[in-house]
Amino acid sequence: MNTPTPPLVRRRSGRIVAGVAGGVADHLGVPVTWVRAAFIALGAMWWAGALAYGLLWVFVRQESAEVTRATPRRERQQALGLAALGVAGALVAAALGNDLVGWIAGPLGVAAVGAALVWREADEGQRRRWTRTGGRTALWRTVAGALFVAAGIAVFLFGQLQLGQVQFALLAVLATLVGVGVLTVPWWVRLVRELTEERRERIVETERAEIAAHLHDSVLQTLALIQRQSDQPREVARLARGQERELRTWLYGAGGYGIPASDAGLTAALAAAAAEVEDTYAVTVAPVVVGGDRPLDEHLRALVLAGREAMVNAAKHAGVAEVSVYCEVEDDEVNLFVRDRGSGFDPADVPDDRHGLADSVHGRMDRHGGTVRLRSTPGEGTEVHLAMRARTHEEAAT
Amino acid sequence: MTEPENTIKVVLVDDHALFRSGVRAELDRAVPDVSVVGEAGSVDEAVAAIRHLRPDVVLLDVHMPDGGGAEVLRQLRPELPDVVFLALSVSDAAEDVIAVIRAGARGYVTKTISGRELADAVRRVHGGDPVFSPRLAGFVLDVFSQKPGAAPPGDPELDLLTRRERDVLRLLARGYAYKEIAGELFISVKTVETHVSSVLRKTQLSNRYELSRWASDRRLV
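Fair warning: this is a prediction, and the values are worked out from it, not measured in the lab. (Residues numbered from 1 in each chain as written. Chains lettered and ligands numbered in written order. Predicted model: local features only at pLDDT ≥ 70, side-chain atom pairs only at ≥ 80, totals over all residues. Heavy atoms only, no water.)

**What to know about the pairing of strand β5 (residues 381-389) of chain A**
Note on strand geometry: in a regular strand, side chains alternate between the two faces of the sheet. Residue and element names in this part refer to chain A. To keep it simple, the criterion reads: Only protein chains enter the area calculation, which uses a 1.4 Å probe; residues under 20% of their type maximum are buried, those over 50% are exposed, and those in between are partly exposed. Helix and strand definitions here come from DSSP, where helices need a minimum of 4 consecutive H or I residues and strands a minimum of 2 consecutive E residues; each element is numbered from the N-terminal end. Each pair of strands is called paired provided DSSP finds at least two bridges between the two strands.
Most of β5 sits out of view: 8 of its 9 residues are buried. Bridge analysis of strand β3 (residues 333-340) against β5 gives 8 bridges, and the strand direction is antiparallel. Its bridge partner being in β5, valine 334 is matched across the sheet by methionine 388. Where strand β4 (residues 371-377) lies against β5, 7 bridges are found, and the strand directions are antiparallel. What sits directly across from arginine 373, in β5, is histidine 385.

Okay, structure coming up:
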């Protein structure tokens, strides 16, 4: 083999028990089945294979999470079969063999199974899952493992010693454990506090970086652009307006700071339409929405589009710097008012070839069962009132 | 209202010096009857300056470190009932703005307002009339909207707007001036101002429970 020998790590994916056999096979460059077979063979000799496996499990670190490999179904079955064979062989050997194997396979075997359970739970890859979801199963498994260990050790001690000695030994062990626990309390507390503090700092740091990144991408870029174009007031105003709107949405928008608005409802659609008109025609369009949001259906979409056309008309023809937009969402009706204080016009004088109002506003609203009321006084401005009956969910479904 | 008897003394409270000097320049240049007599950049400075200078009108920023406009109002409102506060905010968060209004500000305008309109707003609050921007009218309508399933009103007399008040607020939110509202509803400008005043009073007195519930419904708090 010309390729360098890979370092000894335990497999993370495609493992049967703890990935030790696979890791050893990778390291030695031999088929994984041979390694497993070797562990089994050693296992029959006074559990040496199991001991070796356990020690490797404890001391060899796990490979990184990026490495993935698939385990064929056949190999998995084969490996499980080998494992069962190994356990059975070891038990047979214990039954046939001397006392030493007998007591290792008995109580200490139970303790070993318990320890394996706990270790598996505390395993690097599992620990992360523990803190998040499925914490309960992990906890139960750990508790069960601990009970196994305790029971195994207790049986072992009872078997080996006189009752009086056991009492004394148990008391001594208990007293030592309690003493150690009490003595190390400050240390535990400090550890927990330091971990919490570190986590908090990391969160703050992440947040700071996120804000810095956002400001860099938005405000700083715009300011740089404004400096370069300071001789074009119209363009500067357009840039500033767009940036103000963007930052405002980010700070105070529907989703709160930093969180993009999740639902593209009526409010968001209106705001988007107003923003487009602002940018295109260099006027301020200030939308005010009352009564909460509502998901867009085709009728409300038509309402927004008609409203957008009304905003465009106001921006183009009224000759003003600001257009007011007011939307009131009621249970059964949505009313949208687009108003300017501009030049105004006489609706009767609008020539027939002007499609904006006729098609985009009246036509759209008519097709979706809405109404349009237009009020305009020359010299005092124009108001377009669009009303759309809001459909309930049942009506919308049919 | 256009002929000033004497100048209106104004104190500017905002933590951004650049913004203060901008507003001061605009007011001093364009408006002879409004004069900026002092500035403050923090809550403590503001409390000290207002106590000392006794201005007619305070232009109050909503967002400041160490408490913001609501804190200034909390400290000075009971002590100086004659000083009128006008919130001047860049914030779009309804909850901030409503908080300042509740603490006793007599109006709310946004920072994008022009100098002339700002001077007009100062004159109006000084004359005793509340000043609402369309956006604030929208916020207030939302606070008082009686949706099915919304929190029960604590005190019906305070928590409900009369139909007329609601009409006035709607027109305000649609961008109408007081004079235009008067023409629209066939009432006098004075009556419009009375309605808006009583809306303001109700906003300041209506129970906190409903407001906080409304705010949390909208994920504002």
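**Structural notes on the sheet that holds β3 of chain A**
Two orientations exist for strands paired in a sheet by backbone hydrogen bonds: parallel and antiparallel. Residue and element names in this part refer to chain A. The following threshold applies: For helices, the axis comes from a line fit to the C-alpha atoms of the stretch in contact; other axes are also lines fit to C-alpha atoms, and the angle between any two N-to-C directions lies between 0 and 180 degrees. In this description, contact between two residues means that some pair of their heavy atoms is separated by no more than 4.5 Å.
Strand order in the open sheet formed by 5 strands is β1-β2-β3-β5-β4, and the pairing between neighbours is mixed. Looking at which strands have only one partner, the edges of the open sheet turn out to be β1 (284-290) and β4. Here the average twist between neighbouring strands, direction ignored, is 10°. One ladder, built from 7 bridges, connects β1 with strand β2 (residues 322-329); its direction is parallel. The partner of alanine 286 across the bridge, within β2, is serine 324. Contacts from helix α11 (residues 266-281) reach β1, β2 and β3 within the one sheet, and its direction differs from that of β1 by about 170°.

**Thoughts on the nonpolar core**
Note the following rule: What we call a nonpolar core is a set of buried Ala, Val, Leu, Ile, Met, Phe, Trp, Tyr and Cys residues that are connected through their side-chain atoms within 4.5 Å.
Judged by nonpolar contacts, the single largest core of 53 residues is most densely connected at Val13, Ile50, Val72, Phe85, Phe132, Leu136 and Leu169 of chain B. Sorting elements by how many residues they give to this core places helix α6 (residues 134-144) of chain B first, with 7 residues. Apart from residues no more than four positions distant in its own chain, valine 72 of chain B is found in contact with Val43, Ala46, Ile50, Leu60, Met64 and Phe85 of chain B. Core analysis: the next-biggest nonpolar cluster, separate from the first, contains 32 residues, Ala269, Leu300, Ala310 and Leu336 of chain A among them.

**Description of the packing of helix α2 (residues 43-53) of chain B against helix α3 (residues 69-76) of chain B**
All names here are of chain B. We count it as follows: Roughly parallel means an angle under 35 degrees; roughly antiparallel means over 145; roughly perpendicular covers 65 to 115; every other angle is labelled oblique. In this scheme the handedness of a crossing depends on how the near helix is turned from the far one: anticlockwise by less than a right angle means left-handed, clockwise means right-handed.
Direction vectors running N to C along α2 and α3 enclose 40°, while the axes themselves pass 9 Å from each other. By the angle between their directions, the pair α2 and α3 is classed as oblique. Where α2 crosses over α3, the handedness of that crossing is right-handed. Touching Val43, Ala46, Val47, Ile50 and Arg51 of α2 are Glu71, Val72, Gln75 and Leu76, all from α3.

**Focus on the UniProt feature "modified residue: 4-aspartylphosphate" (unreviewed entry) in chain B**
Residues and elements named next belong to chain B. Note the following rule: UniProt positions are given in the numbering used here, feature names are shortened, and annotations may be inferred rather than shown by experiment.
Residues annotated in UniProt with the feature "modified residue: 4-aspartylphosphate" (unreviewed entry) correspond here to Asp61. With respect to the helices and strands, the residue aspartate 61 is situated in the loop between β3 (57-60) and α3. If we skip the residues at most four places from it in the chain, aspartate 61 touches Val13, Asp14, Asp15, Gly68, Gly69, Leu88, Ser89 and Lys111.

**Digging into the pattern of salt bridges**
Going by this rule: The rule for a salt bridge is simple: a side-chain nitrogen of Lys or Arg has to be within 4 Å of a carboxyl oxygen of Asp or Glu.
Evaluated as defined, the whole model comprises 24 salt bridges over all chains. Across the salt bridge formed by arginine 200 of chain A and glutamate 197 of chain A, the nearest N and O atoms sit 3.4 Å from each other. Here arginine 200 of chain A pairs with glutamate 197 of chain A, and both are found in helix α9 (residues 185-228), just 3 residues apart, close to one helical turn. A salt bridge links glutamate 39 of chain B to arginine 20 of chain B, with the shortest nitrogen-to-oxygen separation between them at 2.8 Å. Taken together, the residues glutamate 39 of chain B in strand β2 (residues 34-40) and arginine 20 of chain B in helix α1 (residues 17-30) connect sequence positions 19 residues apart. On the basis of relative accessibility, which here comes to 29%, the residue glutamate 39 of chain B falls in the partly exposed class.

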